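Per-entry structural report
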Amino acid sequence: MLAQDAGLCADTILEGSGASWADIESLRPFDLPEIARLFEYLADRTPQDFAIRSGYSSKVRNYGIVGFATMGMPTLRDALLHWSRYCLIAGDPLITRIVENGDEWQMIFETRLPMPLRARRYCIEAAVAAVEPVIEDLTNEPANSLRIDFAFPRPAATEAYTLFRAPDIRFSASSTTYTGKRGDLDRAIPAGDQAIQSLFHKQCDLYLSELTHSRSLAERLEDLLREAAGNLPSLGEMAAAFGMSKRSLQRELAGEGLTYQQLVRRFRQYHAFKLLEENSANLKTIAFTLGFEDVGSFRRAFHEWTGQSIGEWQASLSADRPVRNPNRYGRPLLDTGSYTQA
């Protein structure tokens with residue numbers, strides 16, 4: 001409906017993506033590469049504010065079996081934790097974490113896989129925009145939003161951001177985070193039903209298992225690397241997490257053309273380039289997140305990857321010269337401003 005209101009045809013937007021609007025309406029599960037490709041098409045073929053407006057029109061039932069299972073939970077806290085675990089089934093390429101601290105709670109968003117900058121921004125904007133309407137849909141009460149931080153620069157047009165209830169909206173933050181009042185998590189969900197929740201929960205487990213095992217071992221290992229930011233697991237720890245011996249894990253990875261050391265290197269390179277491009281964290285934070293002992297170790301590794309110092313590499317971005325980085329997904333727009341609603 002939103003696409004039609006904007007004068008867009010859903011099938012035209014998806015043309016060439018390998019998926020149709022009928023596939024999406026049928027809630028057919030997509031694997032992660034398919035999902036990433038869909039977001040590229042959406043980002044390229046819709047207006048700049050479309051992601052936020054579509055996310056803000058979200059209803060829980062739009063998320064299929066994951067949404068119905070969420071509606072059966074007893075409290076909002078249970079519902080959001082359930083969503084964080086099973087959102088991949090609903091076609092969400094993001095990892096979300098729930099953090100409670102003092103009188104606040106936060107939902108932190110991060111992409112599961114490498115995506116072009118425009119596609120990453122689109123899916124993050126849509127996901128964050130869905131938080132407030134979904135909370136109200138589940139609990140029949142508006143969300144008590146405090147602030148929203150986006151890990152990308154402030155856009156030229158901010159009109160769509162006035163949809164948010166949050167009084168403080170900031171850009172170029174270290175992470176994309178929704179922050180609300182902690183008391184909201186204790187709200188009861190009027191539609192909560194233990195029997196229905198249990199039924200859909202089992203189905204979600206089945207679908208998640210199917211999706212997970214349809215992905216490569218390298219992709220599943222990278223999921224664990226993202227979740228272990230700052231303390232990257234050893235080969236032995238990864239093997240134990242997958243219930244296999246180190247030799248078996250090495251053999252399966254070799255079948256995909258990788259060693260574990262190469263996988264860790266690729267993971268570090270991608271996230272280092274992304275964080276440096278977006279200017280979203282200082283060097284100490286980046287080094288810690290990627291499992292380096294100190295900034296010096298990170299600097300040496302970066303020079304080995306690119307043949308440049310970090311400063312030289314960033315200067316080449318600013319000058320818009322070609323960069324020796326096969327994982328670049330777009331030139332950063334540096335910004336330290338924030339946007340606060342009146």
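Residues numbered from 1 in each chain as written. Predicted model: local features only at pLDDT ≥ 70, side-chain atom pairs only at ≥ 80, totals over all residues. Heavy atoms only, no water.

What to know about the overall build of the protein chain
For clarity, the threshold we go by: Helix numbers and strand numbers start at the N terminus; a helix is a DSSP run of H or I with at least 4 residues, a strand a run of E with at least 2. In this scheme, a residue with accessible area under 20% of its type's maximum is buried, one over 50% is exposed, and one in between is partly exposed, where area comes from a 1.4 Å probe on protein chains only. Any pair of residues with heavy atoms lying within 4.5 Å of one another is described as a contacting pair.
In terms of regular secondary structure, the protein chain is built from 16 helices and 6 strands. Every one of the 342 residues in the protein chain was classed for burial, and the buried ones make up 47%. Across the protein chain, the fraction of contacts at a sequence separation of at least 24, relative to all contacts at a separation of at least 6, is 66%.

A few points about the environment of Arg299
With respect to the secondary-structure elements, Arg299 resides in helix 15 (residues 295–306). For the pair formed by Arg299 and Ile310, sequence separation is 11 residues and the distance between their alpha carbons is 6.8 Å. Not counting residues up to four positions away in its chain, the partners in contact with Arg299 are Leu283 and Ile310.

Some details on the pattern of salt bridges
Heads up, the rule is: Within this document, salt bridges are pairs made up of a side-chain nitrogen of Lys or Arg and a carboxyl oxygen of Asp or Glu, the two lying within 4 Å of each other.
Throughout the structure, instances matching the rule amount to 13 salt bridges. A salt bridge links Arg118 to Glu40, with the nearest nitrogen and oxygen atoms 3.5 Å apart. On the criterion of sequence distance, the pair formed by Arg118 in helix 8 (residues 117–139) and Glu40 in helix 4 (residues 32–45) is long-range, its members being 78 residues apart. Judged by its relative accessible area of 40%, Arg118 is partly exposed.

A look at the confidence of the model for the protein chain
The condition that has to hold: One number per residue, pLDDT, summarises how confident the predictor is, and it ranges from 0 to 100.
Summing up the model confidence of the protein chain, the mean pLDDT is 78 and the portion of residues at 70 or higher is 74%. The low-confidence segment residues 320–342 (pLDDT under 50) makes 64 contacts with residues lying over four places distant or belonging to another chain.

Re the packing of aromatic side chains
Defined as follows: Only Phe, Tyr and Trp rings take part, Trp by its six-membered ring, and two of them pair if their centres are within 6.5 Å. Stacked means planes under 30 degrees apart, edge-to-face means over 60, and tilted covers everything else.
Overall, the coordinates contain 18 aromatic pairs when judged by the stated rule. Here the aromatic rings of Phe150 and Tyr161 are separated by 5.5 Å at their centres, their planes lie at 85°, and the arrangement is edge-to-face. One end of the pair, Phe150, is in the loop between strand 3 (145–149) and strand 4 (168–170); the other, Tyr161, is in the loop between strand 3 and strand 4, with 11 residues separating them in the sequence. Pair check on accessibility: Phe150 and Tyr161 agree, each one buried.

Overview of unusual backbone geometry
The phi dihedral of Asn140 is positive, around 65°, even though this residue is not glycine. Relative to the elements of secondary structure, Asn140 occurs in the loop between helix 8 and strand 3. Non-glycine residue Ser172 carries a positive phi angle of around 55°. Inspection of the secondary structure assignment puts Ser172 in the loop between strand 4 and strand 5 (176–181). For Ser172, a relative accessible area of 17% gives the class buried.

A few points about the nonpolar core
Heads up, the condition is: What we call a nonpolar core is a set of buried Ala, Val, Leu, Ile, Met, Phe, Trp, Tyr and Cys residues that are connected through their side-chain atoms within 4.5 Å.
Core analysis: the largest hydrophobic core is formed by 42 residues, its most contacted members being Phe109, Phe150, Tyr161, Phe164 and Tyr178. No other element matches helix 8, which puts 13 residues into this core. Leu221, Leu225, Leu253 and Phe298 belong to the second-largest nonpolar core, a separate cluster that totals 30 residues.

Points about helix 15
So the rule is basically this: Helix span, as expected, comes to 1.5 Å for every residue beyond the first. Each C-beta atom gives one direction from the helix axis, and the arc is the one those directions make. N or O atoms closer than or at 3.5 Å make up a polar contact, with two conditions inside protein: a donor-capable atom paired with an acceptor-capable one, and, for residues adjacent in sequence, both atoms drawn from side chains.
Taking 1.5 Å per residue as the helical rise, helix 15 with its 12 residues ought to reach 16 Å, and the 16 Å between its terminal C-alpha atoms agrees with that figure. Buried within helix 15 we find Ser297, Phe298, Ala301, Phe302, Trp305 and Thr306. In an axial view of helix 15, the angular spread of the buried residues amounts to 145°, which keeps them on one side of the axis. Among the exposed residues of helix 15, those oriented more than 90 degrees off its buried face are Arg300 and Glu304. Capping of helix 15 at its N-terminal end is provided by Asp294; its side-chain oxygen lies 3.2 Å from the backbone amide nitrogen of Gly296. Positive phi shows up at Gly307, right after helix 15, with a value of about 75°.

Observations concerning the environment of Val99
With respect to the element layout, Val99 can be found in strand 1 (residues 94–101). Residue class for Val99 comes out partly exposed when judged on its relative accessible area of 27%. With 80 residues separating them along the chain, Val99 and Thr179 place their C-alpha atoms 9.4 Å apart. Excluding anything up to four places from it in sequence, Val99 contacts Glu104, Trp105, Gln106 and Ile108.

Quick notes on the pairing of strand 1
Here is the rule we go by: By this definition, two strands are paired if DSSP reports at least two bridges between them.
For strand 1 and strand 2 (residues 104–111), the ladder comprises 8 bridges, and the chain directions are antiparallel. Note that in strand 2 the partner of Val99 across the bridge is Gln106. Hairpin connection between strand 1 and strand 2: a loop of 2 residues separates the two successive antiparallel strands, and Gly102 in this loop has a positive phi of roughly 60°.

Topic: the side chain of Ser58
Residue position: Ser58 is located in the loop between helix 5 (50–56) and helix 6 (64–71). Residue classification places Ser58 among the buried positions, given a relative accessible area of 9%. For Ser58, the side chain forms a polar contact with the main-chain oxygen of Gly55, separated by 2.7 Å.

Re helix 8
The test is simple: The angle separating two fitted axes, one through the seven residues that finish at a residue and one through the seven that start at it, defines the bend at that residue.
Here helix 8 is 23 residues long and its end C-alpha atoms lie 34 Å apart, about the 33 Å a rise of 1.5 Å per residue gives. Along its length, helix 8 reaches its greatest deviation from straightness, about 35°, at Val131, and the proline Pro133 lies no more than four positions downstream. Backbone geometry just downstream of helix 8 places Asn140 in the positive-phi region, at approximately 65°.

A look at the pairing of strand 2
Pairing analysis gives 6 bridges linking strand 2 to strand 5, with the strands arranged antiparallel. Counterpart to Trp105 in the pairing with strand 5 is Gly180.

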